[in-house]
Amino acid sequence: MKVKSLINVKAIMSFLTGTLIFFALYLTSLYSYLLFHGLAEMFSIAVAFGIFMIAWNSRRFLENSSFILIGIAYLFIGIMDLLHTLGYKGMGVFSGYGANLPTQLWIIPRYIESLTFLAFPFLLRSRVKPGFIFSCYAVVTAILLGSIFYWEIFPVCFVEGAGLTPFKKTSEYVISLILLGSIFLIYKRRREFDPGILRMLVASVALTIGSELSFTFYISASGFSNMAGHFLKIASFYFIYKALVEARLQKPYDLLFRELKQSKEALEESEESEERFRLSFEKANIGMCLVDLNGHLFKVNIQMCGIFGYSKEELERMHVNDLAHPDDLDKSPGFIQKSIHEHIDGSTFEKRYFHKDGHQVWGLVSSSLILDAQDNPLYFISHVQDITERKLMEETVRRRTQALGERVKELNCLYGLSKLVEKTGITLRELLQGTVELIPGSWQYPEITCARLIIEDEQYSTADFKESLWKQVSAIMVSGKQAGVLEVCYTEGKPESDEGPFLKEERNLINALSDRLGRIIERKRMETELIKAKEAADAANRAKSSFLANMSHELRTPLNSILGFSQIMEMDSDILSEQHLEFLEYIKNSSDHLLEMVNDILDLSKIEAGKIEIEKKPFALDAMLSRLPSTIQSLMNKKKIQMEVNVDPDLGVINADETRIKQVIYNLLSNAVKFTEPGKRIGIEAYLKDSRSVIEVWDEGIGIAEEDFEKVFDPFEQVGQTDTVKPEGTGLGLAISRRLVEAHGGSITIESKKGAGSRFIVVLPGMIAYGKGKAGKTKVKTRGGKEGLKGQGNILVVEDNENNLKLITSVLEHAGYTVYAAASGKAGSKAAGEKDFDLILMDIQLPEMSGIEAMKRIKKKDERGASIIALTAYAMKGDEEKYLAQGFDGYISKPIDIKKVLETVKELLKQ
């Protein structure tokens with residue numbers, strides 16, 4: 001009772017002493033917070049160093065490393081807290097650093113402290129050399145200090161004017177969670193502690209948590225939360241100090257007796273464990289054995305007997321090498337010697353053995369060295385697991401993987417060959433050489449593989465090719481005949497597999513390559529022949545185009561005289577008889593028909609040669625369709641045919657070649673007139689459907705039989721001729737129309753019945769706007785007979801064809817112009833140099849000097865700048881633009897239209 005009262009008095013005195021110390025510290029804070037902070041930190045630092053001194057000096061008596069871990073940790077915690085104190089604002093020790101430095105130096109020891117408590121329970125039954133623990137803490141502390149002072153990479157913990165950073169606050173919560181975890185672990189091992197020491201340890205950790213949480217409410221250095229945090233820290237250090245003092249100084253024998261008691265319990269547990277071990281050893285479902293330090297088996301279980309086919313007595317008289325495969329004899333002795341000398345606890349390895357009946361057994365061996373209390377080797381305990389079936393499966397997988405790898409290399413080679421074939425512009429020689437260079441990387445031993453390809457006495461080979469005994473050959477067949485061979489060689493020998501020096505996959509690959517090369521060579525030769533054929537076809541097309549151009553010139557030149565003089569005679573109709581006028585009409589109609597035929601043949605030939613030019617530009621489709629009927633008015637008047645036009649005013653703007661679309665609709669309308677009997681009707685309907693323009697041209701004519709629908713689009717085909725309707729024409733209009741529509745991406749179809757009229761439906765894409773067309777009526781300007789075309793001026797006509805020269809001279813003189821003539825380009829150039837002309841009409845095809853060269857010479861010398869008109873029978877599409885680009889001021893094609901010639905001349909003379 002007396003002892004208990006003394007303990008109570010001692011506890012009361014300790015409480016009062018602590019209260020007085022805390023109160024004194026509080027009073028110092030009223031005077032100077034810097035003084036309070038320094039005293040509080042120095043007190044906790046002194047306690048930390050005291051904890052280290054007690055733990056370090058009693059390390060020889062410690063059976064585990066847990067308390068020495070605490071002692072060493074608090075030494076480095078005290079050092080960091082000392083730096084924190086010296087770095088505090090106002091101390092003036094670390095110049096150039098702000099409030100962030102002491103905050104960083106605060107958070108580092110708190111992490112060290114929390115992680116130390118977390119590790120503490122795991123070392124209660126372990127022994128670690130104190131020097132190793134000390135070194136670890138020293139290295140970690142040095143790195144952390146370096147991260148602040150040297151590398152300056154430690155996260156910012158405090159920002160002036162803003163306060164604690166998120167990292168600092170988060171760290172306080174993380175440290176608190178770690179400390180909670182350490183309390184849980186310590187409590188789980190509570191049986192290994194004296195109850196009083198356990199309470200102090202838990203109290204110390206709990207107070208540390210309280211201290212950390214106080215600092216999360218930090219407002220200012222002198223705030224209540226800051227002060228409370230320091231008081232809780234002092235109390236935490238005090239309790240850990242008390243726990244260590246009582247454990248190592250005041251109650252050492254209590255601890256010793258506790259450890260002796262635990263040792264006795266451990267001995268009893270050991271005897272139970274030995275019995276459990278014996279049972280486990282005998283009943284284990286894998287082979288187990290004990291091996292002495294010389295490699296002799298002295299104890300085995302029944303599973304070992306099953307693995308090797310020997311009895312226990314036989315095995316326990318054998319050495320480990322008596323069972324081993326010859327290639328693995330060194331594995332066990334080598335492991336034994338190394339383990340003994342280096343005290344290796346254990347190792348696992350695979351080893352081949354022989355069964356008693358002679359077949360091979362694979363074993364997975366796990367062996368551990370058993371030591372006595374003085375760390376002297378006693379024997380080995382080994383586990384042996386029969387993995388023969390697994391190794392057989394692995395070998396099967398290895399073989400299949402190898403086969404797969406060879407297959408992948410084969411596919412890569414074939415893929416590389418395909419890429420070569422697809423390469424644009426690659427020649428056959430380049431392809432064959434590239435194929436040879438692909439081969440070595442696809443064989444089993446690429447470093448010693450070379451290849452050669454022989455095709456019709458031409459060789460392609462790798463740079464290091466040489467003949468050898470290890471050779472593969474495969475014939476290359478082209479068009480059913482052997483054209484060459486493919487050879488693959490090893491430059492040196494390799495151990496033969498079951499399949500020979502070359503794998504089955506490699507034999508398949510060389511055959512696949514030679515077969516593929518044969519087909520490639522055959523195809524390349526066909527391509528070469530096709531290219532030659534294409535070049536021949538292109539030459540023929542060029543010859544055809546040249547022929548057509550010349551034919552156009554040769555036909556248009558006489559037509560120019562026929563049509564031109566017909567027009568002059570028609571202008572003087574008042575002096576001709578009715579019969580002469582009738583004859584003149586026959587001449588004109590025949591000439592028009594011939595000119596139409598020439599134009600159609602030229603158009604069709606260009607379409608078929610793929611040279612038709614489609615110049616798409618936006619235009620108002622409704623306006624164009626509304627003007628078009630006037631172009632065939634004279635044809636309708638002759639046959640007394642009426643036309644109905646129904647064009648949607650919102651048809652809009654389409655992106656297409658207006659000239660070509662006009663040509664298509666004109667062809668359809670003229671056909672409608674030709675195949676419709678007098679007194680009946682034709683018409684145009686145009687509307688939008690699914691964002692496409694639809695144009696329908698219909699008639700009440702003779703109609704078309706269904707079987708002739710496609711025939712009407714064939715060149716030179718005319719169907720539907722009757723006794724009353726015998727149309728003239730080339731039979732090319734519809735063929736040209738379909739091709740022109742398809743060139744726009746559209747279509748043209750027919751709806752018709754024999755004797756019930758026809759309807760041609762044209763569908764065109766390219767709509768770009770709705771309702772923007774202005775389809776107003778077209779006004780036709782008229783001139784008052786000859787008076788409207790009268791003019792004045794000196795005109796030079798350069799023309800080598802006498803009839804054409806006479807025609808043009810007559811036309812111009814009839815219009816009132818003064819005309820001079822020249823029969824060659826040289827003469828025209830000379831005449832232009834000797835006299836000033838207001839206008840020059842220049843033929844292109846001239847003797848001695850072309851019209852183009854003559855034009856350039858005249859323009860170079862002529863200071864007045866007389867306009868020069870190109871006058872030519874070459875009337876291919878694009879010619880006008882070509883001649884204008886070369887310097888001509890105007891363009892007139894033959895056969896000439898007298899009215900157009902006079903209008904062109906008058907317009908240029910005005911300029």
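This report concerns the structure included in the present document. All values reported here derive from a predicted model rather than from experimental measurement.

Formed by 46 residues in total, the largest nonpolar core has its most connected members in Tyr74, Phe120 and Tyr137. Elements with a contribution of two residues or more to this core: helix H2 (33–57), helix H3 (66–86), helix H4 (100–119), helix H5 (130–149), helix H6 (166–188), helix H7 (195–215) and helix H8 (224–250). Counting residues per element, this core draws most heavily on H3, which supplies 12 residues. Counting residues in each nonpolar core, the second largest holds 38 residues, with Phe619, Leu625, Leu628 and Val664 among its members.

This part is about the pattern of salt bridges. Applying the stated criterion across every chain yields a total of 19 salt bridges. Arginine 110 is paired through a salt bridge with glutamate 113; the nearest N and O atoms lie 3.4 Å apart. Here arginine 110 pairs with glutamate 113, and both are found in helix H4, just 3 residues apart, close to one helical turn. Take arginine 110 and glutamate 113: they sit in the same class, and that class is buried.

In this section: the environment of serine 752. Its place among the elements puts serine 752 in strand E17 (residues 747–752). Look at serine 752 and you get buried, because its relative accessible area is 15%. Expressed as a C-alpha distance, the spacing of serine 752 and tryptophan 698, which sit 54 residues apart in the sequence, is 9.4 Å. A polar contact is formed between the side chain of serine 752 and the backbone oxygen of glycine 757, at a distance of 2.9 Å. A distance of 2.9 Å separates a polar atom in the side chain of serine 752 from a polar atom in the side chain of serine 758.

Bringing the packing of aromatic side chains into the picture now. Within this structure, the stated rule accounts for 15 aromatic pairs. When the ring of phenylalanine 308 is compared with that of tyrosine 353, the centres are 5.1 Å apart and the planes differ by 75°; the resulting orientation is edge-to-face. Here tyrosine 353 lies in strand E5 (residues 346–354) and phenylalanine 308 lies in helix H10 (residues 302–308), a separation of 45 residues in the sequence. Its relative accessible area of 7% is what places tyrosine 353 among the buried residues. Aromatic rings pair up to connect Phe52, Trp56, Phe76, Phe134 and Tyr137 into one cluster. One Lys or Arg, arginine 110, reaches over the ring of tryptophan 106 and ends 4.4 Å from the middle of that ring.

A few words on the pairing of strand E11 (residues 481–490). Remark: a regular strand shows side chains that alternate across the two faces of the sheet. With respect to burial, E11 is a largely interior element, 8 of its 10 residues being buried. As defined by bridge partners, strand E8 (residues 449–455) adjoins E11 across 7 bridges and the pair is classed as antiparallel. The partner of threonine 449 across the bridge, within E11, is tyrosine 490. Pairing between strand E10 (residues 470–478) and E11: 9 bridges, direction antiparallel. Across the sheet, the residue bridging to methionine 477 is glutamine 482, located in E11.

Glancing now at the packing of H4 against H7. Running from N to C, H4 and H7 cross one another at 150°; their axes reach a closest spacing of 12 Å. Viewed along their axes, H4 and H7 adopt a mutual orientation that is roughly antiparallel. For the pair H4 and H7, the sense of crossing is left-handed. Where H4 abuts H7, its residues Trp106, Arg110, Glu113 and Phe117 lie against Ser204, Val205, Thr208, Ser211, Glu212 and Phe215. Here the residues of the contact of H4 with H7 are counted per class, giving 4 nonpolar, 3 polar and 3 charged.

Quick look at the side chain of arginine 738 now. Here arginine 738 is to be found in helix H21 (residues 733–743). Not counting the four nearest positions on each side in its chain, arginine 738 is found in contact with Glu710, Phe713 and Ile748.

With that settled, the discussion passes to the sheet that holds strand E6 (residues 360–371). Read from one edge of the open sheet, 5 strands run E4-E3-E7-E6-E5, paired in antiparallel fashion. Unpaired on one side and paired on the other, strand E4 (297–300) and E5 mark the two borders of the sheet. Direction aside, neighbouring strands of the sheet carry axes that sit 30° apart on average. Of the strand pairs in this sheet, strand E3 (residues 287–291) and E4 are connected by 3 bridges, and their pairing is antiparallel. Its bridge partner lying in E4, cysteine 289 is registered against valine 300.

This part takes up helix H20 (residues 658–674). The first and last C-alpha atoms of H20 sit 24 Å apart over 17 residues, in line with the 24 Å expected at 1.5 Å per residue. Most of H20 sits out of view: 12 of its 17 residues are buried. The complete set of buried residues in H20 reads Arg660, Ile661, Gln663, Val664, Ile665, Asn667, Leu668, Leu669, Ser670, Asn671, Ala672 and Val673. For H20, the side-chain oxygen to backbone nitrogen distance between the N-cap and threonine 659 is 3.2 Å, and the N-cap itself is aspartate 657.

About the cut-offs
Residues numbered from 1 in each chain as written. Predicted model: local features only at pLDDT ≥ 70, side-chain atom pairs only at ≥ 80, totals over all residues. Heavy atoms only, no water. Core = buried A, V, L, I, M, F, W, Y, C linked by side-chain atoms within 4.5 Å. Buried < 20%, exposed > 50% of the residue type's maximum accessible area, 1.4 Å probe, protein only. Helix = DSSP H or I, 4+ residues; strand = E, 2+ residues; numbered from the N terminus. Salt bridge = Lys/Arg side-chain N within 4 Å of Asp/Glu carboxyl O. Polar contact = N/O pair within 3.5 Å; in protein donor to acceptor, adjacent residues only side chain to side chain. Phe/Tyr/Trp six-rings, centres within 6.5 Å; stacked < 30°, edge-to-face > 60°. Lys NZ or Arg CZ within 6 Å of the ring centre and 35° of its normal. Pairing = 2+ DSSP bridges. Axes fitted to C-alpha atoms, helices over the stretch in contact; angles between N-to-C directions. Parallel < 35°, antiparallel > 145°, perpendicular 65-115°, else oblique. Left-handed = near helix turned anticlockwise from the far one by under 90°. Contact = heavy atoms within 4.5 Å. Nonpolar A, V, L, I, M, F, W, Y, C, P; charged D, E, K, R; others polar. Expected span 1.5 Å × (residues − 1).

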